[in-house]
Amino acid sequence: MIQTQTSRDPRAEASPSGRAGRGQDIIGAQISMREVTKKYGAFVAADRISLDVEPGEFITLLGPSGSGKTTLLNLLAGFQRIDGGDILIDGKPITNVPTHRRGFGMVFQSYALFPNMTVAQNVAFPMRMAGLDRATSDRRVAETLEMMRLSEHAAKTPSEMSGGQQQRVAIARAIVMRPRVVLMDEPLSALDRRLRESIQIELRELHQTIGSTILFVTHDQSEALTMSDRIAVLDKGHIIQVDRPLEIYRHPKSRFVAGFVGESNLIEAEVLERRGDTATLRSKAGHVFQAGSRNVPSIGKVTVLIRPERMALHDGPQPGTAPATVTSALFMGETLRIEAAMEGGETLLIRCPDTAARELPAPGSKIHVGWGPQDCWVLA
Ligand code: ADP
Ligand code: MG
């Protein structure tokens, strides 16, 4: 467990509007990106990106490889020069402020620890650079090591530590100065799944404790959903959507977001009728069903998102279900993953919890698939 203790930093500024801190002062800075552009030759890696991050917010840049996440982080860190637009920290432009004066904490995928220094020396390094006195430095190191549950490893060198422990040391080094902003570029992607999940939870708690603004980069959608106050989805140098995790997952604004965050069934359908809160739609295969009327035009075609876990499986026909033929069925432990073709063509992906009552259906067998109007999200 991370201790809920912080040392007060003289630079700390309280802010009422941030999200972290559990009633403590928030030291995190506000970040504003205004039409930030970065080009490599003719290639535009960041295309007029605008994003406001609240003080103390945990925000994640999520996107496929090559979408511009690292580019944006490098511009914030000052590793690369911006070609257009502005980055403001607490309202002040930082374009001409060199990296070491920005005072940000940073964590990368590779732990980048000094191999010949002990854990304590690694964590103390930023304070040595800043010229802090020995007593303050020792106290801060002890506090931070305890926060990261590393106290007992203080005298070890990195080679005597596991990957997960080394990354916790890198995180400790990044936060030891209680920076206003912490930048993290895929810090957990080299770790195995269990370790990743436990450090995800630790990082969330750590964020609550220190109150820094955290800009976290990942290509892993479940990591982004778990950790963030908000997620900014990137594609090809553009921000496609910025929202809370639940909104991103339930109400994606585009096919790209629907497909990149989570698994999706996208059903093309024709609008038969729209009345009040509900719309009646007909899929290409001729299945007539109801959906909420939000985003539904009075006439024409729409794309409907239904998440695989929102699809219910029945052995026999029920009102509103569609018949389908199983094309593949996988037992995955907690869930069954079933693909089924609806009569007339569309293939559905269904995930249902493993229960004692259900056998894994055999390929070729007939099933009946149903969903409710509230399980449909019509893409605008
Ligand atoms: P991500 O971190 O999302 O995987 P990057 O920001 O690293 O993506 O890269 C975005 C795009 O910019 C990619 O197409 C990449 O090839 C290109 N790129 C990144 N750095 C350079 C560079 N120094 N020179 C030329 N192209 C680059
Ligand atoms: Mg990257």
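Residues numbered from 1 in each chain as written. Chains lettered and ligands numbered in written order. Predicted model: local features only at pLDDT ≥ 70, side-chain atom pairs only at ≥ 80, totals over all residues. Heavy atoms only, no water.

Asker: Any chance you could explain the overall build of the protein chain here in plain terms?
Answerer: The secondary structure content of the protein chain amounts to nine helices and 20 strands. Taking the contacts inside the protein chain whose residues are at least 6 apart along the sequence as the reference set, 66% of them involve residues at least 24 apart. Distance from the positive charge centre (45 side chains) to the negative charge centre (43 side chains) of the protein chain: 4 Å. (Helix = DSSP H or I, 4+ residues; strand = E, 2+ residues; numbered from the N terminus. Contact = heavy atoms within 4.5 Å. Lys, Arg positive; Asp, Glu negative; His and termini not counted. Charge placed at Lys NZ, Arg CZ, Asp CG, Glu CD.)

Asker: What is the right way to look at the pattern of salt bridges in this model?
Answerer: If charged atoms from side chains of opposite charge come close, those side chains can pair. The final tally for this structure, using the stated rule, is 18 salt bridges. Here Glu-143 ties to Arg-139 by a salt bridge, and the two come within 3.6 Å at their closest N and O atoms. With Glu-143 and Arg-139 both in helix 4 (residues 134-147) and four residues apart, the pair spans about one turn of that helix. For Glu-143, a relative accessible area of 14% corresponds to the buried category. Given a relative accessible area of 44%, Arg-139 falls into the partly exposed group. (Salt bridge = Lys/Arg side-chain N within 4 Å of Asp/Glu carboxyl O. Buried < 20%, exposed > 50% of the residue type's maximum accessible area, 1.4 Å probe, protein only.)

Asker: Would you explain the packing of aromatic side chains in this entry?
Answerer: Two aromatic rings, taken as a pair, are described by how far apart their centres are and by the angle between their planes. Within this structure, the stated rule accounts for five aromatic pairs. With 5.8 Å between their ring centres and 5° between their planes, Phe-256 and Phe-260 make a pair best called stacked. Placement of the pair is Phe-256 and Phe-260 together in helix 9 (residues 255-260), with a separation of four residues, close to one helical turn. By relative accessible area, which is 26% here, Phe-256 ends up partly exposed. Judged by relative accessible area, which is 22%, Phe-260 ranks as partly exposed. Over the face of the ring belonging to Phe-58 we find Arg-204, whose NZ or CZ atom lies 5.7 Å from the ring centre. Lying across the ring of Tyr-249, Arg-307 places its NZ or CZ 4.1 Å from the centre. (Phe/Tyr/Trp six-rings, centres within 6.5 Å; stacked < 30°, edge-to-face > 60°. Lys NZ or Arg CZ within 6 Å of the ring centre and 35° of its normal.)

Asker: What is the right way to look at the pairing of strand 11 (residues 265-275) in this model?
Answerer: Every regular strand shows the same layout, with side chains that alternate between the two sheet faces. One ladder, built from six bridges, connects strand 11 with strand 14 (residues 301-306); its direction is antiparallel. Pairing of Ile-267 across the sheet is with Val-304, part of strand 14. Relative to strand 12 (residues 278-283), strand 11 runs antiparallel, the two being bridged by six bridges. Among the inter-strand pairings, Val-271 is bridged to a residue of strand 12, identified as Leu-281. Between the antiparallel neighbours strand 11 and strand 12 lie two residues, among them Gly-276 with a positive phi of about 60°. (Pairing = 2+ DSSP bridges.)

Asker: So what exactly am I meant to see when it comes to helix 5 (residues 163-175) here?
Answerer: Given 3.6 residues to a turn, an α-helix orients residues that are three or four positions apart in the same direction. The terminal C-alpha atoms of helix 5 lie 19 Å apart, and with 13 residues this matches the ideal 18 Å at 1.5 Å per residue to within 8%. The buried fraction of helix 5 is high, at 12 of 13 residues. Buried within helix 5 we find Gly-164, Gln-165, Gln-166, Gln-167, Arg-168, Val-169, Ala-170, Ile-171, Ala-172, Arg-173, Ala-174 and Ile-175. In this structure, the buried side of helix 5 is in contact with strand 6 (105-107), helix 3 (119-130), helix 4, strand 7 (181-185) and helix 6 (193-210). (Expected span 1.5 Å × (residues − 1).)

Asker: Explanation requested: the UniProt feature "domain: ABC transporter" (unreviewed entry) in the protein chain in the structure shown.
Answerer: In this structure's numbering, the residues bearing the UniProt feature "domain: ABC transporter" (unreviewed entry) are residues 31-261. Secondary structure content for residues 31-261 is 39% helix and 26% strand, while the C-alpha to C-alpha distance between its ends is 25 Å. (UniProt positions renumbered as here; feature names shortened; annotations may be inferred.)

Asker: Looking at this structure, how should I read the sheet that holds strand 20 (residues 377-378)?
Answerer: Ordered in space as 13-12-11-14-20, the five strands form an open sheet in which the pairing is antiparallel. Each edge of the open sheet is held by one strand with a lone partner, namely strand 13 (288-292) and strand 20.

Asker: Explanation requested: the environment of Glu-334 in the structure shown.
Answerer: Note that Glu-334 resides in the loop between strand 16 (322-331) and strand 17 (335-342). Considering only alpha carbons, one finds Glu-334 and Pro-353, 19 residues apart in sequence, at a separation of 5.9 Å. In this structure Glu-334 touches Cys-352, Pro-353 and Asp-354, once residues within four positions along its chain are discounted.

Asker: Could you clarify how one ought to interpret the site of ligand 1 in this entry?
Answerer: Around ligand 1, the neighbouring residues are Tyr-40, Phe-43, Ala-45, Pro-64, Ser-65, Gly-66, Ser-67, Gly-68, Lys-69, Thr-70 and Thr-71. Between ligand 1 and Lys-69, the relevant distance is 2.9 Å, taken from an oxygen atom to a side-chain nitrogen or oxygen of the residue. In this structure, Thr-70 approaches ligand 1 through a side-chain N or O atom, which is 2.8 Å from an oxygen atom. Contributions of two or more residues to the shell around ligand 1 are made by strand 2 (43-53) and helix 1 (69-77). Among the elements that line the shell around ligand 1, the one with the most residues is helix 1, at three residues. Here the residues of the shell around ligand 1 sort into four nonpolar, six polar and one charged. (Near = heavy atom within 4 Å. Polar contact = N/O pair within 3.5 Å; in protein donor to acceptor, adjacent residues only side chain to side chain. Nonpolar A, V, L, I, M, F, W, Y, C, P; charged D, E, K, R; others polar.)

Asker: Sorry, what's going on with the confidence of the model for the protein chain here?
Answerer: A residue-level look at the protein chain finds 93% of positions with pLDDT of 70 or above and a mean pLDDT of 91. Confidence drops under pLDDT 50 across residues 1-23; counting only partners more than four residues distant or on other chains, this segment forms 59 contacts. (pLDDT = per-residue confidence, 0-100.)

Asker: Help me out: how do you make sense of unusual backbone geometry in this one?
Answerer: The phi torsion of most residues other than glycine is negative, and most of the peptide bonds are trans. Even without being a glycine, Arg-178 presents a positive backbone phi close to 50°. The backbone phi angle of Asn-295 is positive, close to 70°, even though this residue is not glycine. Checked against the element boundaries, Asn-295 lands in the loop between strand 13 and strand 14.

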